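What follows is the residue order along each chain.
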Amino acid sequence: MTLLSYFLLVLSVFAGAALAFWLKDMTEKYLKLGLAFSGAFILGITVLHLLPGIYTGDNHMIGIWILAGFLIQLFLEFLSGGLEHGHVHAHNHQVNSFLIQVMVGLIIHSFIEGLPLDNYQELHAGHDHGEGVLLYGILLHKIPAAFALTLFMIQSKLSKGMTFLILFVFAMASPLGSFVGSMIELNEEGLKILLAIVVGSFLHIATVILFENEDEHHHKFSWSKFVVILIGFAIAIGASL
């Protein structure tokens, strides 16, 4: 990966944090629309770019690794409370202990998704497009994750110094994962397995975002959310042209 890619991974976290301070009074409706766009884009690049790349060759176990990634993400959500897809939930746990639990879940998640980043383009040798889609997907869902984490810390009345330290640790997790991944010598099948785990994680995140009801009482799916999802899909399709 280039230095710019590492910089963007760190910047995305602090961009999400800045938005949390700036838009902390933003209505829930608009937050949901932003999340819907993010979920649609992640699902789009997963189906259009990531899945075709890992299903080349004769490895018939790739589907197992995708399911493993899905289950790993499900387990991590028990720790993080769903903050990795941009949601702040009310909890009765002691604030400090729950914050540690959240950080463990988010850091492990970010580290895992960073592992195949440096080697991703090796699976697409000979293609001029789509090499950055994995990075784009990570950037796009890291912003709402950082947004939600920062809101949680604001509500918990954490000091600014501690808030910055936690955001810094979170911001460094994916770059560290990418760096570690670049140090590990893996063949093409090993890289596909790593990417399959990330694909499973992306599928979990995207489906949770997209299929949460707009109206919990009437199970309505608003037209505005539908349009935003179409825009997310369109941009993902455009990335393959």
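Every value quoted in this text rests on a predicted model; they were computed, and no experiment measured them. (Residues numbered from 1 in each chain as written. Predicted model: local features only at pLDDT ≥ 70, side-chain atom pairs only at ≥ 80, totals over all residues. Heavy atoms only, no water.)

(A) Quick look at the pattern of salt bridges. Taken as a whole and assessed by the stated rule, the structure comprises 3 salt bridges. Among the ionic pairs, Glu188 bridges to Lys192, the shortest N-O distance being 3.3 Å. With Glu188 and Lys192 both in helix H7 (residues 188-211) and 4 residues apart, this pair spans about one turn of that helix. Notably, a salt bridge pairs Glu189 with Lys192, separated by 3.7 Å at the nearest N-O pair. Here the residue Glu189 and the residue Lys192 both occupy positions in helix H7, the gap between them amounting to 3 residues, near one helical turn. By relative accessible area, which is 27% here, Glu189 ends up partly exposed. Within the structure, one salt-bridge network assembled from shared partners comprises Glu188, Glu189 and Lys192. (Salt bridge = Lys/Arg side-chain N within 4 Å of Asp/Glu carboxyl O. Helix = DSSP H or I, 4+ residues; strand = E, 2+ residues; numbered from the N terminus. Buried < 20%, exposed > 50% of the residue type's maximum accessible area, 1.4 Å probe, protein only.)

(B) Quick peek at the confidence of the model for the protein. In the predicted model, the protein carries a mean pLDDT of 81, and 81% of its residues have values of at least 70. Summarising per-element confidence for the protein, the mean pLDDT is lowest in helix H4 (residues 95-114) (82) and highest in helix H6 (residues 160-183) (91). (pLDDT = per-residue confidence, 0-100.)

(C) Representation of a nonpolar patch on the surface in the model. On the surface, a cluster of nonpolar side chains totalling about 530 Å² of accessible area is made up of Met162, Phe164, Leu165, Phe168, Val169 and Met172. With respect to the element layout, Leu165 can be found in helix H6. Overall, Leu165 belongs to the partly exposed group, its relative accessible area being 44%. (Patch = residues over 30% accessible without salt bridge, like charges linked within 9 Å, V, L, I, M, F, W, Y side chains within 5 Å. Areas by Shrake-Rupley, 256 points an atom, 1.4 Å probe, with all protein chains shown as cover.)

(D) Here's a closer look at the nonpolar core. Membership of the largest hydrophobic core comes to 29 residues, with the highest contact counts inside it found for Leu50, Ile54, Leu134 and Phe202. Secondary structure elements with two or more residues in this core: helix H2 (28-54), helix H3 (62-80), helix H5 (133-155), H7 and helix H8 (223-238). When residues of this core are assigned to their parent elements, the largest contribution, 9 residues, is made by H2. Core analysis: the next-biggest nonpolar cluster, separate from the first, contains 17 residues, Val13, Val102, Ala148 and Phe170 among them. (Core = buried A, V, L, I, M, F, W, Y, C linked by side-chain atoms within 4.5 Å.)

(E) Geometry of H5. End to end, H5 covers 34 Å across 23 residues, agreeing with the expected 33 Å (1.5 Å per residue, within 8%). With 18 of 23 residues buried, H5 is to be regarded as a mostly interior element. Following H5 by one or two positions, Lys157 has its phi on the positive side, about 60°. (Expected span 1.5 Å × (residues − 1).)

(F) Spotlight on the packing of aromatic side chains. Using the criterion set out here, one finds 2 aromatic pairs in the structure. Aromatic side chains Trp223 and Phe226 sit 5.7 Å apart centroid to centroid with 90° between the ring planes, which places their arrangement in the edge-to-face category. Highlighted residues: Trp223 and Phe226, both in helix H8, separated by 3 residues, approximately one helical turn. By relative accessible area, which is 36% here, Phe226 ends up partly exposed. (Phe/Tyr/Trp six-rings, centres within 6.5 Å; stacked < 30°, edge-to-face > 60°.)

(G) Molecular detail of the packing of helix H1 (residues 3-22) against H6. With their axes 9 Å apart at the nearest point, H1 and H6 run at an angle of 150° to one another. In this view, H1 runs roughly antiparallel relative to H6, as classed from their interaxial angle. Our pair here, H1 against H6, has a crossing hand that is right-handed. Of H6, the residues touching H1 (which contributes Tyr6, Leu9, Val10, Val13, Phe14 and Ala17) are Phe164, Leu167, Phe168, Phe170, Ala171, Met172, Ser174, Pro175, Ser178 and Phe179. Residues belonging to the contact of H1 with H6 are distributed by class as follows: 14 nonpolar, 2 polar and no charged. (Axes fitted to C-alpha atoms, helices over the stretch in contact; angles between N-to-C directions. Parallel < 35°, antiparallel > 145°, perpendicular 65-115°, else oblique. Left-handed = near helix turned anticlockwise from the far one by under 90°. Contact = heavy atoms within 4.5 Å. Nonpolar A, V, L, I, M, F, W, Y, C, P; charged D, E, K, R; others polar.)

(H) Representation of the environment of Ile235 in the model. On the secondary structure map, Ile235 appears in helix H8. On the basis of relative accessible area, Ile235 is assigned to the partly exposed category, the value being 41%. Expressed as a C-alpha distance, the spacing of Ile235 and Ile45, which sit 190 residues apart in the sequence, is 9.1 Å. Apart from the residues within four sequence positions on either side, Ile235 is in contact with Phe37 and Phe41.

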